[in-house]
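# Descriptive analysis of the structure
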Amino acid sequence: MTSQIPDSIIWKTNKYEILGFENADDETGLFDPKKYGLTPSMMHTACYRGFYCTYIIEEDMLYLNTLCVNDKYGHYPPIHGIDAAPGRYDAFEYTGLHIHIPYTGVLRIGTDFKPEHYIHMGFQKP
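What counts, and at which threshold
- Residues numbered from 1 in each chain as written.
- Predicted model: local features only at pLDDT ≥ 70, side-chain atom pairs only at ≥ 80, totals over all residues.
- Heavy atoms only, no water.
- pLDDT = per-residue confidence, 0-100.
- Helix = DSSP H or I, 4+ residues; strand = E, 2+ residues; numbered from the N terminus.
- Buried < 20%, exposed > 50% of the residue type's maximum accessible area, 1.4 Å probe, protein only.
- Pairing = 2+ DSSP bridges.
- Contact = heavy atoms within 4.5 Å.

Right, let's talk about the confidence of the model for the chain for a bit. Per-residue confidence for the chain gives a mean pLDDT of 85, with 83% of residues at or over 70. Looking across the chain, the model is least confident in strand β7 (residues 107-110), with a mean pLDDT of 85, and most confident in strand β6 (residues 92-100), with 97.

So, on to the pairing of strand β4 (residues 61-69). For β4, a buried count of seven out of nine residues is recorded, marking the element as mostly surrounded by other parts of the structure. In terms of strand pairing, strand β3 (residues 51-58) meets β4 through eight bridges, oriented antiparallel. Of the residues in β4, the one forming a bridge with Phe-51 is Val-69. Here β3 folds back onto β4 in antiparallel fashion, the turn holding two residues, of which Glu-59 has a positive phi close to 50°. Where β4 and β6 come together, six bridges link them in antiparallel fashion. Among the inter-strand pairings, Val-69 is bridged to a residue of β6, identified as Phe-92.

Summarising the element assignment, Asp-83 is placed in the loop between β4 and β5 (85-86). As for Asp-83 and Thr-95, which are separated by 12 residues in sequence, their C-alpha atoms are 8.5 Å apart. With near-sequence residues (within four places) excluded, Asp-83 lies in contact with Pro-78, Glu-93 and Tyr-94.

For Thr-13, which is not a glycine, the phi torsion comes out positive at approximately 70°. For Thr-13, the position within the fold is in the loop between β1 (8-11) and β2 (14-21). The backbone phi angle of Asp-60 is positive, close to 60°, even though this residue is not glycine. Look at Asp-60 and you get exposed, because its relative accessible area is 78%.

What follows is the structure, given as structure tokens:
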């Protein structure tokens, strides 16, 4: 019974979990590592999609700040001049990416896991 690691976002110096979004791909979310030559593969039972992201909002714009990914082939090309470094769970991490994400929809964010909204092998309900 493992819930999935959610993407997170830093807004006004506070860190939140992204609970939902609209107008983005349901499988990859707001960012697709495949567009950067990566082939995400399951990291562990809490990360079936093989990656998770941390975003940041600066001056009302959304940026990808950190990407933690497990590549199926162990291939970690530089992204925007940033090299991957070993991270947690045998995955690699790209830190300080600052990739603008041209998103204009609604993001639902929150803190503190709520057991009553637990989804087995999924993401917490908004």
